[in-house]
Amino acid sequence: MILMKDITRDGNPVLRKVAEPLSFPLSDHYKKLADRMMEYLINSQDPKIAQKHQLRAGVGLAAPQVGESVQMAALLVPNNEGEIVFKDTFVNPEILSESVQQACLSEGEGCLSVDKVIDGYVPRPDKLKIKYYTVDGTEKIINLKDYPAIVASHEIEHLRGHLFYDRINKQDPFKLADDTVIVY
């Protein structure tokens, strides 16, 4: 079981590296890693398990965040009622297209790898078209918008060596384009 002590923290160089693509079939090591990453997300969203193991809630977890510089990220995205609206593990994800219109979370973003609060809006594309492979090697092309697109963008950027606060406007952290979709 992945615990908070296993999460790679900001400052570790693995978080700033471009992760390596994986080849199929995935080794047992990477299949198990995918399972453990998803298990963390499931456990972290269960209040009793999260409290017992002192897990910070997460909706996405990229392999570099557990010290593995490979292109894999687990996503478990709930809606405001707690129902899961997207659940899968991306292997070698590629953004095929993105909207010009931006979106951001009303409260800003956080990250399991970043222990401090960094205030500011994190503008991202409101809509994404993503190609990725599942753990078993099936190619998928999906369209995401609003919160699931924000989560997917955040995790894919981990695989490119970027952290959420890189997107915050340094001069005016709460400045947004007028047509930005604010997700609550």
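All residue numbers here refer to positions counted from 1 along the written sequence of the relevant chain. Reporting of local features is limited, given that this is a predicted model, to residues whose pLDDT is at least 70; pairs of side-chain atoms are given and counted only at 80 or more, and all residues count toward the totals for whole chains, interfaces and linings. Computation of side-chain values covers all heavy atoms of the structure but excludes hydrogens and water.

1. Considering the side chain of Q65
Here comes step 1: As for its position among the elements, Q65 is in the loop between β1 (60–62) and β2 (72–78).
Here comes step 2: The exposure class of Q65 is buried, given its relative accessible area of 2%.
Here comes step 3: Here a polar contact is recorded for every N or O atom pair within 3.5 Å, except that within protein the pair must consist of a potential hydrogen donor and a potential acceptor, and residues adjacent in sequence are included only if both atoms are side-chain atoms. Separated by 3.2 Å, the side chains of Q65 and S113 make a polar contact.
Here comes step 4: The contact criterion used throughout is that any non-hydrogen atoms of two residues lie within 4.5 Å. Those residues within four positions of Q65 in sequence are excluded, and the remaining contacts are D6, I7, T8, L15, G60, C111, L112, S113, E155 and H158. Numbering of helices and strands runs from the N terminus, with a helix taken as a DSSP run of H or I at least four residues long and a strand as a DSSP run of E at least two residues long. Burial status follows relative accessibility: with a 1.4 Å probe on protein chains alone, a residue under 20% of its type maximum counts as buried, one over 50% as exposed, and anything between as partly exposed.

2. Describing the pairing of β2
Here comes step 1: Of all seven residues making up β2, seven are buried, and the element is well covered by its neighbours.
Here comes step 2: Across the two faces of β2 the burial is the same, with M72, A74, L76 and P78 and A73, L75 and V77 all buried.
Here comes step 3: In this description, strands pair whenever DSSP reports at least two bridges between them. As defined by bridge partners, β1 adjoins β2 across three bridges and the pair is classed as antiparallel. Bridging from a neighbouring strand, G60 pairs with L75 of β2.
Here comes step 4: For β2 and strand β3 (residues 84–98), the ladder comprises seven bridges, and the chain directions are antiparallel. Bridging from a neighbouring strand, L76 pairs with K87 of β3.
Here comes step 5: Between β2 and β3, which pair antiparallel and follow one another directly, the connecting turn spans five residues, one of which, G82, has a positive phi of 85 degrees.

3. Notes on the layout of surface pockets
Here comes step 1: Cavity means a closed set of points on a 1 Å grid over the protein atoms alone, one where a 1.4 Å probe fits but cannot get out, pocket means an open set with protein on both sides within 12 Å along at least 5 of 7 lines, and lining means a residue has an atom within 4 Å of a point. Grid points are joined across faces, edges and corners, and a volume is the space filled by probe spheres set on the points. A volume near 640 Å³ is recorded for the largest pocket.
Here comes step 2: Lining the largest pocket we find 27 residues, and of these A57, G58, V59, L105 and Y147 sit closest to its centre.
Here comes step 3: Among the elements that take part in the lining of the largest pocket, helix α3 (residues 146–159) stands out by supplying seven residues, more than any other.
Here comes step 4: Gly counts as polar in this scheme, as do all residues outside two lists: the nonpolar Ala, Val, Leu, Ile, Met, Phe, Trp, Tyr, Cys and Pro, and the charged Asp, Glu, Lys and Arg. Its residues placed into classes, the lining of the largest pocket shows 13 nonpolar, ten polar and four charged.
Here comes step 5: Taken as a whole, the second largest pocket holds about 170 Å³ of empty space.
Here comes step 6: Broken down by class, the residue content of the lining of the second largest pocket amounts to seven nonpolar, four polar and six charged.

4. Looking at the nonpolar core
Here comes step 1: As used in this record, nonpolar core signifies buried Ala, Val, Leu, Ile, Met, Phe, Trp, Tyr and Cys residues forming a set joined through side-chain atoms within 4.5 Å. Residues M37, Y40, L61 and M72 are the most contacted members of the largest nonpolar core, which totals 22 residues.
Here comes step 2: Contributing elements (two or more residues each) for this core: α1 (28–44) and β2.
Here comes step 3: Per-element accounting of this core gives the leading share, six residues, to α1.
Here comes step 4: Each residue touching M37, except ones within four places of it in the same chain, is listed here: I2, L61, A62, A63, V66, M72, A73 and A74.

5. Observations concerning the environment of N79
Here comes step 1: You can see N79 is positioned in the loop between β2 and β3.
Here comes step 2: Sequence separation of N79 and P148 is 69 residues, and the distance between their C-alpha atoms is 8.9 Å.

6. A word on the sheet that holds β3
Here comes step 1: With antiparallel pairing, five strands are arranged side by side in an open sheet as β1-β2-β3-β6-β7. Edge positions in the open sheet fall to β1 and β7 (139–145), since each of these has one partner strand only. When the angles between neighbouring strand axes are averaged without regard to direction, this sheet yields 40 degrees.
Here comes step 2: Here α1 sits on the sheet and contacts β1, β2 and β3; the angle it forms with β2, its principal contact strand, is near 25 degrees.
Here comes step 3: Between the N-to-C directions of two axes lies an angle of 0 to 180 degrees, each axis being a line fitted to C-alpha atoms and, for a helix, fitted only over the stretch in contact. Helix-sheet contacts for α3 involve β1, β2, β3, β6 (127–133) and β7, and the interaxial angle to β2 is about 160 degrees.

7. Considering the sheet that holds strand β8 (residues 181–183)
Here comes step 1: The mixed open sheet is built from three strands, whose spatial order is β5-β4-β8. Where the open sheet ends on each side, the last strands, each with one partner, are β5 (124–125) and β8.
Here comes step 2: When strand β4 (residues 102–105) meets β8, the two strands line up parallel, connected through three bridges. In the sheet register, C104 faces β8, and the bridge partner there is I182.

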